[in-house]
Amino acid sequence: MFIVMYMEMHQPRRVKSVVPPIINSMEDIVDEAEDRKVFERVSKKCYRPLLGVLEKSFKEGFKTGLKVTGTLLEQMEKWDQPLLDQLEGLVAGGGVELVAGPYHHTLSFLLSREYYLKEVEEHVKRLEELFGFRPKILANPYLSYNDAVGEWINDLGFKAVIAEGASRILGWRTSNLVYKHPKSGLRILLRNSKLSNELAFGLPHIEAGSFIDKTVRVDGQVVVIGLPAETFGEFVPRETGVFRFLAQLPRELRRYPWASFAPPSEVVENCKPIDSF
C-alpha cells in the first residue's frame, strides 16, 4: 500500500481596500504591503519549518506531493530567495514531487478551456524555469474535476490528476483505488476525504501512531491525504507539536513493512487502474 501526502501552498494577491477611480496598472489594485506582511508571517510560522521537517523526514522515507501556486512562487522570488532555494533542494533530492495546477489558483476551467490551458501551461513553464522539473501530476483548486477537464489534462501530457473523493460521486466505489479516465489513459487519484479531514481539523489532538494505525488498515492500493500546507504552523500553531507530529509519521509507518509513503507519480507507475471513472 502507498500513502500519498499531498499538500498545497498558496498565497493570493490581495486587493487594496481603496482602489483609485482610474486604474493604470496592477500596482493600483494590488496591496503589495499586505501581501508581504502575510507572506513573511506565514513563511516564518509555516513554510520554513515545514520544509525543514520534510528535509529531515525524507531521509526516513517520507516523500510528498506538493503544489506551490504561481502567485506564491512570485512572492518567494521577491521576498525570500532562501526559501525558494530550500524548496529547490528538496525537489532535486527527490523528497518533494511538484504538482501542477492553474497558475493563479483559480477555477478557470469554469470560464473557458483556452484560459484554463493557458494558466496551467504558465505554471508548468515556471516550475521548469525555477526547478528544472516538468510535473506529471495535476491538481485543481479544491481538487475539483470533471470528465471534460480530464480530457484537457490528458491532452497536455499529464499522467494523472488528483481529485476529491466525494462520496456522493463515488457511490459504491472507494477513494483508495487508482482509476482511469473513461476515454483516455489519464489516471485518477482520489483524496480520502475522511482521513484527510480528520487530520486537517483534528490536529493537534491526534497522535501520529494512531493516525498511521488507522491509515494502513484501509483496504486498497493507495490512501491520498490532501490538505493545505498552511495547516502546519499557520492554522495549527507550532507550539501544539504539529511539526513533531509530521516528523513522527515515517517512524511510525516503519512498523508496517507493507506500506510506504510515495509521491503521486510513483503510485501511477506501480499501480494499475482498477476501473474507469
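For the structure itself, consult the block above.
Thresholds, definitions, all that
- Residues numbered from 1 in each chain as written.
- Predicted model: local features only at pLDDT ≥ 70, side-chain atom pairs only at ≥ 80, totals over all residues.
- Heavy atoms only, no water.
- Core = buried A, V, L, I, M, F, W, Y, C linked by side-chain atoms within 4.5 Å.
- Buried < 20%, exposed > 50% of the residue type's maximum accessible area, 1.4 Å probe, protein only.
- Helix = DSSP H or I, 4+ residues; strand = E, 2+ residues; numbered from the N terminus.
- Contact = heavy atoms within 4.5 Å.
- Pairing = 2+ DSSP bridges.
- Axes fitted to C-alpha atoms, helices over the stretch in contact; angles between N-to-C directions.
- Left-handed = near helix turned anticlockwise from the far one by under 90°.
- Nonpolar A, V, L, I, M, F, W, Y, C, P; charged D, E, K, R; others polar.
- 1 Å grid on protein atoms, 1.4 Å probe; cavity = no way out; pocket = protein on both sides within 12 Å on 5 of 7 lines; lining within 4 Å.
- Points joined across faces, edges and corners; volume = space filled by probe spheres on them.
- Arc of directions from axis to C-beta.
- Polar contact = N/O pair within 3.5 Å; in protein donor to acceptor, adjacent residues only side chain to side chain.

What follows is about the nonpolar core. If you look at the biggest cluster of nonpolar residues, it comprises 57 residues, and the most contacted ones within it are V68, M76, F131, I225 and F232. Looking at which element gives the most residues to this core, the answer is helix α1 (residues 32-58), with nine residues. Other than its neighbours up to four places away in sequence, F131 contacts L73, L84, L87, E88, V91 and L98. If you look at the next biggest cluster of nonpolar residues, it comprises 20 residues, including A100, V120, A163 and I188.

Tracing the backbone through its elements, the reader meets N176 in the loop between α6 (167-170) and β6 (179-180). We classify N176 as buried; its relative accessible area is 6%. When sequence neighbours within four positions are dropped, the list of residues in contact with N176 reads N192, V218, D219, G220, Q221, V222 and V223.

With five of its five residues buried, strand β2 (residues 64-68) lies for the most part within the structure. Strand direction decides the pairing type here: strand β1 (residues 2-9) and β2, joined by five bridges, are parallel. Bridge pairing in β2 places M7 opposite L66. Relative to strand β3 (residues 96-98), β2 is paired through three bridges, and the arrangement is parallel. Directly across from T64, in β3, lies its bridge partner V96.

This part covers the packing of helix α2 (residues 70-79) against helix α4 (residues 113-131). Running from N to C, α2 and α4 cross one another at 30 degrees; their axes reach a closest spacing of 10 Å. Crossing angle aside, the handedness with which α2 passes α4 is left-handed. Taking contact as the criterion, the partners of G70, L73 and E77 in α2 are, on α4, H123, R126, L127, L130 and F131. For the contact of α2 with α4, the per-class residue count stands at four nonpolar, two polar and two charged.

The next thing to look at is empty space enclosed by the protein. This model, assessed by the stated rule, comprises one cavity of 30 Å³ or more. Within this model, the largest cavity holds a volume of roughly 30 Å³. Contributing elements (two or more residues each) for the lining of the largest cavity: β1 and α8 (208-216). For the lining of the largest cavity, the leading source of residues is α8, giving three residues.

The subject of this paragraph is helix α5 (residues 147-155). Taken as a whole, α5 has its buried residues at V149, G150, W152 and I153. The arc enclosing the buried residues of α5, seen along the axis, measures out at 160 degrees, which places them on a common side. Against the buried residues of α5 lie α4, β4 (137-139) and β5 (160-164). Of the residues flanking the start of α5, the one acting as N-cap is N146, its side-chain oxygen 3.1 Å from the backbone nitrogen of A148. Residue G157 follows α5 closely and has a positive phi angle near 95 degrees.

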